[in-house]
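# Working through the structure, step by step
So you can see what is in the structure, the chains are spelled out below.
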Amino acid sequence: MDYNPSVIEKKWQEFWDKNESFEPSEDYSKDKKYVLSMFPFPSGRLHMGHVRNYTIGDAFARFYRQRGKNVLHPIGWDSFGMPAENAAIKNGSHPKKWTYENIDYMRSELSRLGLSFSKKREFATSDELYTKFEQGFIIDMFDKGLLYRKMGLLNWCPHDQTVLANEQVVDGCCWRCDTPIIKKEMNQYYFKITAYADELLNDLKGLEGGWPKQVLTMQENWIGKSTGLEFDLCFDEDSKAKLSGQFDCFDVFTTRPDTIYGVSYCALAPEHQIVNYMLENSLLSEQSAQKIKEMKRSSSIERQKEKSGVSLELYVVHPLTKKSIPVWVANFVLMDYGSGAVMAVPAHDERDFDFAKKYDLPIKAVIKPKDAELSEGKAFVDEGVLFDSEAFDALESKSAQSKIMDYFEQNKLGKKVINFRLKDWGVSRQRYWGAPLPFVHCESCGLVMEKKENLPVALPEDVQITGEGNPLDHHPTWKHCQCPKCGKDAIRETDTMDTFVQSSWYFLRYTASPSIWNEKAFDAKELEYWMGVDHYIGGIEHAILHLLYARFFTKVMRDLGYISCSEPFNHLLTQGMVLKDGSKMSKSKGNTVDPDALVEKYGADTARLFILFAAPPTQELEWNDSAVEGAYRFLKRFYERSNRAYATQSLPLIAHDSLSKEEKAARKKVYEALERSNDVFGERHTFNTLIAGVMEAMNALNEQENADVWTEGYWILSSILEPIVPHICWEVAQRLFERKNFTETAIKQEVFSVDTIPMGVSINGKKRAEIEVSASASKDEILTAAKESVAKWLEGTSLLKEIVVPNKLVNFVVK
């Protein structure tokens, strides 16, 4: 009986497709499981990271189906985005055509892997129906004040010619193409995510145990809640006069009010309104003005590399000491955070220290370690004890912080405030291949929402994509429309939405049954049943961006009355990367493995088995060609040895006490694998240990000839392997058991009872023999058997000590 994976896999994929085997039931009285792997961007070909992600999710889905759960396991396509436009520029193809051709090919790749997705709920986020519903939500958010438009200094990617959200700037560069970003002032639409900052932070506690600690910490740090002191620094009279009375002061925020007596200069961002006023009114030397303009043109990452500054020749008055403090422009101060102004304490902040040393500014220490002296030549940044701080001398930092903030509030000098690192989410993008924002600009009415009955606002297909600017802005007719409010000629908004908007609610869309699919985005009853997602699987790289936005959108949808849950994902599994030769697979490194070629040569089951056996899912996986061969050989043996079992529609009844030692050992290994399966799918998710257990069971079965034991073994092993290697298991289980074994099997405790126990025998700690003793043997009986087994090593020695470790070993100490 030869194993032919191409024939077996084609047979069962056709069967599953014809019988719609993986569509969820609309019987909402059943227990449910919602299993979701993060959907892919349709780049054109699957990579091994996709295979790992979707195989993990598929294993969960298939396991729960065997347990009788109503399983929703959908797939879709995150199909808007810059790569489609870049492909259009490079290849001359339309983004839509490129995208949907890629979807067709990748769908067939997923099918060849035997993934048990619902096909009736598949969609692409670039589908006009999806855009219609999404635009409706955008209008609702605008109505509720959760979406607004304003001028802002934005992150601009010169390569992609579009705005980026703060979260999409990584080390000063575009998250997608690594181009250093620059700052550009323009109108932008924002989601008011800061209105949910406290809830997003507090609700992380409820995710403990279901989400990795690392992800929770990353989100907590990104939201960045801090308590501190906000106060004004007021100009002296000469500086006010220099500014023609336009500015009396500016506000600053600090989380370290205990350092306030060490403030020796202040720094403004190059984009600060006071700096702009001085530039516009020629209040700076030509050299200083030129240097500030260069700072403005620099990317965030460039501004953090080497500190640079310009004195504004202005002074503010210290609110406590009343001393004059110089005001500078510094390139490291950004308008993104706080007010774009900082109080600088070089003795207690490394960045401030470096700047002060470069420009020979005063450095005044006011905090020292509890039990040591201050070190020369560097900033002391830890908490300590205050000195040279007037009434607050000798206080420890924590106490001083509280007392200084109280003093400022009592004397109306400032106030205690809570700040967040999290900023409102800018969602405008100046590109074609995205969902249009449903707004109209009318000279009479201003900014007007499109009427919902006119949705979707769909993209025109007759566009020229050159890579320069926004094609929608250049289109001759598309943007010209009538105002939905007054009917006059108006201009349609040409910005499209950040693609993270689409992935922030796609998991809700999957809950819609086919019967309501075209009428509404989702149904309250169906949402109540399916949400939240029981298992969400994806990469750690989405810890901040996607996961934070999805949590925000879920809370917004709740407050808009669409859903009742507050968190989207009950359990999160972040799978590790697939490596080859120690590096992440990439075309540029030439170290990729083509999933299509792998399936063609070995079959999908081999690919799935290797990907889950090579490493626990949360760890990095190093590709190993010989291990792939090993996975194939195991499946071949598993298939061919199935002829040692006989056909039956029920688990064989076996009198365990009448079995031989080898038969008992085989049963024990089979049921140990079953126990491991329950553990792996329930808590640990270490599929590699489950597969190892099945391999051990197969080896033990091979040591005996009892057909009942073989049949029981295949009844259980083909069931617990089915989530991992479904094609071969359906083939074997159908032939032997008509798949009656694809259900939960009870553990039989009788198999774990033992008649004899193996024990190692050592002399002076070195193992010399192994014995088997009765499970009820006394200590004396064990020692007698042990001495007999090592008699030749005991001859001519003096026995000093006899050590018996129950059920494990005997050690004789001799000389």
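Remember, predicted model here, so these are calculated numbers, not experimental data.

The subject of this paragraph is the overall build of the protein chain. When helices and strands are counted, the protein chain shows 26 helices and 32 strands. Taking the principal axes of the C-alpha coordinates as reference, the protein chain spans close to 105 × 80 × 50 Å. For the protein chain, contacts bridging at least 24 residues in sequence account for 72% of all contacts bridging at least 6. In the structure as shown, the protein chain presents an accessible area of about 35,900 Å², 47% of it carried by carbon and sulfur atoms. Of the charged side chains in the protein chain, 102 are positive and 118 negative, and the gap between their average positions amounts to 2 Å.

So, about the sheet that holds strand 26 (residues 578-580). Within the open sheet, the three strands sit side by side as 27-26-28. Their pairing is mixed. Strand pairing shows two members of the sheet lacking a second neighbour, strand 27 (583-584) and strand 28 (621-622), which therefore form its edges. Here strand 26 pairs with strand 28 via two bridges, running parallel. Its bridge partner being in strand 28, Leu-579 is matched across the sheet by Glu-622.

This part is about the pairing of strand 19 (residues 439-442). As paired elements, strand 19 and strand 20 (residues 446-449) share four bridges and run antiparallel to each other. Across the sheet, His-441 pairs through a bridge with Leu-447, a residue of strand 20. Joining the antiparallel neighbours strand 19 and strand 20 is a turn of three residues.

A large share of helix 24 (residues 726-737) lies buried, amounting to ten of its twelve residues. Listing the buried residues of helix 24 in full gives Pro-726, His-727, Ile-728, Cys-729, Trp-730, Glu-731, Val-732, Ala-733, Leu-736 and Phe-737. Of the surrounding secondary structure, the elements contacted by the buried residues of helix 24 are helix 1 (5-19), helix 2 (48-66), helix 19 (604-613), helix 20 (625-640) and helix 23 (707-721).

Per the stated rule, a full pass over the model turns up 60 aromatic pairs. Where Tyr-602 meets Tyr-632, the ring centres are 5.8 Å apart and the plane angle is 55 degrees; that geometry is what we call tilted. Placement of the pair is Tyr-602 in helix 18 (residues 595-602) and Tyr-632 in helix 20, with a sequence separation of 30 residues. The exposure classification of Tyr-602 matches that of Tyr-632, with both residues buried. Between Lys-184 and the ring centre of Trp-156, over which it is positioned, the NZ or CZ distance is 3.9 Å.

Let us now look at a nonpolar patch on the surface. There is a patch of nonpolar side chains on the surface, built from Ile-803, Val-805 and Leu-809 and spanning about 180 Å² of accessible area. With respect to the helices and strands, the residue Val-805 is situated in strand 31 (residues 799-805). Accessibility expressed as a relative area gives 30% for Val-805, which makes it partly exposed.

This part is about the pairing of strand 30 (residues 766-774). Looking at chain direction, strand 29 (residues 756-763) and strand 30 are connected through eight bridges and run antiparallel. Looking at the pairing, Pro-758 lines up with Glu-772 of strand 30. In this structure, the hairpin formed by strand 29 and strand 30 is closed by a connection of two residues, where Asn-764 is found at a positive phi of approximately 55 degrees.

So, about the sheet that holds strand 7 (residues 182-191). Within a sheet, adjacent strands bond to each other through the backbone by hydrogen bonds, running parallel or antiparallel. The strand order 4-3-7-17 describes an open sheet built from four strands, whose pairing is antiparallel. Strand pairing shows two members of the sheet lacking a second neighbour, strand 4 (162-164) and strand 17 (425-426), which therefore form its edges. As defined by bridge partners, strand 3 (residues 147-157) adjoins strand 4 across three bridges and the pair is classed as antiparallel. Residue pairing across strands places Cys-157 opposite Thr-162, the latter belonging to strand 4.

Here we take up the side chain of His-727. Relative to the helices and strands, His-727 is located in helix 24. Note on His-727: relative accessible area 0%, which makes it buried. A polar contact is formed between the side chain of His-727 and the side chain of Asp-605, at a distance of 2.9 Å. The residues touching His-727, leaving out its near neighbours within four places in the chain, are Ile-8, Glu-9, Trp-12, Gln-13, Trp-16, Leu-113, Gly-114, Ala-604 and Asp-605.

Enumeration according to the criterion identifies 48 salt bridges in this entry. Glu-744 is the salt-bridge partner of Arg-67, the closest N and O atoms lying 3.4 Å from each other. Note that Arg-67 is positioned in the loop between helix 2 and strand 2 (70-72) and Glu-744 in the loop between helix 24 and strand 29, a separation of 677 residues in sequence. A residue is classified by how much of its surface remains accessible, and Arg-67, at 26% relative accessible area, is partly exposed. Note that Asp-498 is salt-bridged to Arg-429, the shortest N-O span being 3.1 Å. Pair noted here: Asp-498 is in the loop between strand 23 (496-497) and helix 15 (506-509) and Arg-429 is in strand 18 (residues 428-429), with a separation of 69 residues, a long-range link. Arg-429 shares its class with Asp-498; the two are buried. Members of the salt-bridge network, linked through shared partners, are Glu-199, Asp-203, Arg-551, Lys-555, Arg-558, Asp-559 and Glu-567.

This paragraph deals with unusual backbone geometry. For the bond running from Leu-455 to Pro-456, omega is 5 degrees, close enough to zero to count as cis. Here Met-531 and Gly-532 are connected by a cis peptide whose omega angle stands at -5 degrees. Mapped onto the elements of the fold, Gly-532 is located in the loop between helix 16 (524-530) and strand 24 (535-539). One non-glycine residue, Lys-322, adopts positive backbone phi at about 65 degrees. Along the chain, Lys-322 turns up in the loop between strand 11 (309-317) and strand 12 (324-330). On the accessibility criterion, Lys-322 (56% relative accessible area) is exposed.

Before going further, it helps to spend a moment on the nonpolar core. Counting 88 residues, the largest nonpolar core has Met-48, Phe-60, Trp-623, Tyr-714 and Leu-717 as the members making the most contacts within it. Discounting chain neighbours no more than four positions away, the residues touching Trp-623 are Met-48, Val-578, Leu-579, Lys-580, Met-585, Val-593, Leu-598, Phe-610, Ile-611 and Val-628. With 84 residues, the next largest nonpolar core counts Leu-36, Ala-87, Phe-191 and Val-427 among its residues.

Reading the values: the criteria
- Counting of residues starts from 1 at the beginning of each chain's written sequence and follows it residue by residue.
- In keeping with the predicted nature of the model, local features appear solely for residues at pLDDT of at least 70, side-chain atom pairs appear and are counted solely at 80 or more, and the whole-chain, interface and lining totals rest on all residues.
- Side-chain metrics in this entry use all non-hydrogen atoms of the structure; hydrogen atoms and water are not considered.
- Helix and strand definitions here come from DSSP, where helices need a minimum of 4 consecutive H or I residues and strands a minimum of 2 consecutive E residues; each element is numbered from the N-terminal end.
- Contact criterion: two residues are considered in contact whenever any of their non-hydrogen atoms come within 4.5 Å of each other.
- The Shrake-Rupley method, run with a 1.4 Å probe, gives the accessible areas here. Residue values count only the displayed protein chains as cover.
- Residues scored as charged are limited to Lys and Arg (positive) and Asp and Glu (negative), so that His and the chain ends carry no count.
- Working definition for charges: the position is that of NZ of Lys, CZ of Arg, CG of Asp or CD of Glu.
- Between any two strands, at least two bridges found by DSSP are needed for them to pair.
- Burial classification: accessible surface area is computed with a 1.4 Å probe over protein chains only, and a residue below 20% of its type maximum counts as buried, one above 50% as exposed, and the rest as partly exposed.
- Aromatic pairing here means that ring centres of Phe, Tyr or Trp (its six-membered ring) are within 6.5 Å. Orientation follows from the plane angle: under 30 degrees is stacked, over 60 is edge-to-face, and everything else is tilted.
- A ring is scored as having a charge over it whenever the NZ atom of a lysine or the CZ atom of an arginine sits within 6 Å of its centre and within 35 degrees of its normal.
- Every patch collects residues that have over 30% relative accessible area and no salt bridge, joining them within 9 Å if they carry like charges and within 5 Å if they are nonpolar side chains (Val, Leu, Ile, Met, Phe, Trp, Tyr).
- Put simply, a salt bridge is a Lys or Arg side-chain nitrogen that is within 4 Å of an Asp or Glu carboxyl oxygen.
- Residues adjacent in sequence count toward polar contacts only when both atoms are side-chain atoms; beyond that, a polar contact is any pair of N or O atoms within 3.5 Å, and within protein one must be able to donate a hydrogen and the other to accept it.
- In plain words, nonpolar cores are sets of buried Ala, Val, Leu, Ile, Met, Phe, Trp, Tyr and Cys residues tied together by side-chain atoms within 4.5 Å.

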